Amino acid sequence: MAVPEFHRFLRPLLETAQDGKERHRSEYERAAIERFALTDEDLREPTAGGRRTRVADRVEWALAYLRKALLLENVARGQSRITARGTQYLAEAPAEISPKDLLRFPEFADFAKRTRSVAGGAGPSRVSKGVTDLADTPATPHDRIAAAHAEIEDALADELLERVKGMVPALFERLIVDLMLRLGYGGTAEGAGQTLGGTSDGGVDGVIWQDKLGLDLIYLQAKRWSDRSVGREIIQAFVGALSGKNASRGVFITTSSFTKEAREYASSVANHKLSLVDGRELARLMMQSGLGVTLQQRYDVKSVDQDYFQEE
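Within each chain, residue numbers correspond to sequence positions counted from 1 in written order. Local features are withheld for residues below a pLDDT of 70 in this predicted model, meaning they are given only at 70 or higher, and side-chain atom pairs are given and counted only at 80 or more; totals for whole chains, interfaces and linings count all residues. Hydrogens and water molecules were not included; the side-chain quantities draw on all heavy atoms of the structure.

A.B. asks: Quick rundown of the sheet that holds strand 2 (residues 72-76)? Include the residues and the values.
C.D. replies: Within a sheet, neighbouring strands are paired by backbone hydrogen bonds and run either parallel or antiparallel to one another. When DSSP finds at least two bridges between two strands, those strands are taken to pair. Starting at the N terminus, helices and strands are each numbered in turn, a helix being any DSSP run of H or I of at least four residues and a strand any DSSP run of E of at least two. Spatial ordering of the open sheet is given by 1-3-2, a layout of three strands whose pairing is antiparallel. Looking at the sheet topology across the chains shown, the edges are occupied by strand 1 (23-24) and strand 2. Judged from the four bridges that link them, strand 2 and strand 3 (residues 79-82) form a sheet pairing that is antiparallel. When the bridges of strand 3 are listed, alanine 76 appears paired with glutamine 79.

The structure is reproduced here in structure tokens:
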């Protein structure tokens with residue numbers, strides 16, 4: 001099974017602590033793994049940032065929420081135990097505890113209010129709605145950051161693609177050469193790539209030198225389309241152009257998409273290495289390489305340095 005949403009960890013972790021013993025976070029994690037019968041594949045599933053596993057993230061935030069509601073209390077570094085309030089609440093809690101259920105405890109409600117205020121600058125008239133929003137969501141704060149980042153990037157990709165589709169052909173051809181250089185092709189040599197647009201371009205729009213002597217070349221083709229997909233016949237023509245230049249490597253970039261037949265042909269053609277980049281991938285590569293975009297804002301997400309607090 002997939003790793004459950006983090007609120008589903010709340011009751012199991014509280015039940016794990018119901019005997020009153022002090023437990024380390026790793027013990028709660030092991031208990032959750034057994035409770036949900038998670039597989040090795042589940043345990044390797046990373047968060048969106050890729051720096052920790054999704055299981056560890058779920059457990060850490062569920063424990064944090066239980067502590068904010070004073071159902072658990074810290075007793076030592078990384079260790080916590082159930083409180084009298086936690087024992088009492090467990091006896092009457094629903095079968096599946098949600099963050100919204102924890103709003104009955106004023107300490108958790110204050111925490112939710114502070115979080116909303118810092119994150120959104122909400123005024124007094126919106127605080128109660130903000131508290132409900134936080135408690136209603138099934139995602140951890142890390143999940144919400146990742147989802148918001150993905151939403152922003154998706155919108156940026158759409159805008160980038162529209163801007164690129166509006167470029168004149170010569171500038172679009174320059175863009176694909178610049179992109180290849182930004183991605184590390186051509187090395188650091190000056191003039192390692194150039195456009196070849198014009199009636200005598202031989203069916204290619206640009207070229208990248210893979211070495212200083214130009215012995216290994218990558219040829220580029222660009223189609224600034226929006227109303228139709230690039231089909232197999234277009235890719236076949238590109239392969240013919242490569243053969244005419246005695247070249248074996250090519251990158252075909254379009255602002256639209258490729259048909260299934262075009263992709264199958266590109267992957268099966270002999271003696272040529274072809275890479276097909278559609279509009280969505282083009283936008284992603286531009287964002288990844290910083291081409292045509294600027295950094296607007298950055299949020300640094302920090303965590304406790306466990307090594308610093310390690311006892312001698």
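Next comes the rest of the write-up.
A.B. asks: Residue-level account of the environment of serine 243, with values.
C.D. replies: Locating serine 243 in the fold gives a position in helix 10 (residues 232-244). Take serine 243: its relative accessible area is 44%, and that puts it in the partly exposed class. Separated by 29 residues in the primary sequence, serine 243 and histidine 272 have C-alpha atoms spaced 8.8 Å apart. The rule is simple: take the accessible area with a 1.4 Å probe, protein chains only, and divide by the maximum for that residue type; under 20% is buried, over 50% is exposed, in between is partly exposed.

A.B. asks: Lay out helix 9 (residues 169-182) in plain terms, naming residues and giving numbers.
C.D. replies: End to end, helix 9 covers 20 Å across 14 residues, agreeing with the expected 20 Å (1.5 Å per residue, within 8%). Throughout, a contact is declared for two residues whenever any of their heavy atoms are within 4.5 Å. Its buried side turned inward, helix 9 meets helix 8 (141-165), strand 4 (193-195), strand 5 (206-209), strand 6 (217-223), strand 7 (249-254) and helix 12 (279-289). Any helix carries an expected span of 1.5 Å times its number of residues minus one.

A.B. asks: Requested: an account of helix 11 (residues 260-268), with residues and values cited.
C.D. replies: Along helix 11, the residues classified as buried are Ala262, Tyr265 and Ala266. Along the axis of helix 11, the buried residues cluster in a sector spanning 100°; they form a single face. In this structure, helix 11 carries Lys260, Ser267 and Ser268 as exposed residues pointing more than 90 degrees from its buried face. Check the buried side of helix 11 and you find it contacts helix 10 and strand 8 (273-277). What the arc measures is the spread of directions leading from the helix axis to the C-beta atoms.

A.B. asks: Talk me through the packing of helix 4 (residues 54-68) against helix 8; I want residue IDs and the actual numbers.
C.D. replies: Axis geometry follows a simple rule: fit a line to the C-alpha atoms, using only the stretch in contact for helices, then measure angles between N-to-C directions, giving values from 0 to 180 degrees. Between helix 4 and helix 8, whose axes approach to 9 Å, the crossing angle comes to 120°. Classified by the angle between their axes, helix 4 and helix 8 sit oblique to one another. Each of Arg54, Asp57, Arg58, Trp61 and Tyr65 in helix 4 lies in contact with helix 8, whose residues at this interface are Pro141, His142, Asp143 and Arg144. Its residues assigned to classes, the contact of helix 4 with helix 8 comprises three nonpolar, one polar and five charged. If an angle is under 35 degrees, it is roughly parallel; if it is over 145, roughly antiparallel; if it lies from 65 to 115, roughly perpendicular; otherwise it is oblique. Classification used: nonpolar for Ala, Val, Leu, Ile, Met, Phe, Trp, Tyr, Cys and Pro, charged for Asp, Glu, Lys and Arg, polar for all others including Gly.

A.B. asks: Just give me the short version of the packing of helix 9 against helix 12, but keep the residues and values in it.
C.D. replies: If you want to describe how two helices pack, look at the angle between their axes and the distance between the axes. Where helix 9 meets helix 12, the axes come as close as 10 Å, and the angle between the chain directions of the two elements is 55°. Our classification of the angle between helix 9 and helix 12 gives oblique. Here helix 9 runs over helix 12; the crossing is left-handed. On helix 12, the residues touching Phe172, Leu175, Leu179 and Arg182 of helix 9 are Leu282, Leu285, Met286 and Ser289. Counted by class, the contact of helix 9 with helix 12 contains six nonpolar, one polar and one charged residues. For any helix crossing, the convention is left-handed if the near helix is rotated counterclockwise from the far helix by under a right angle, and right-handed if that rotation is clockwise.

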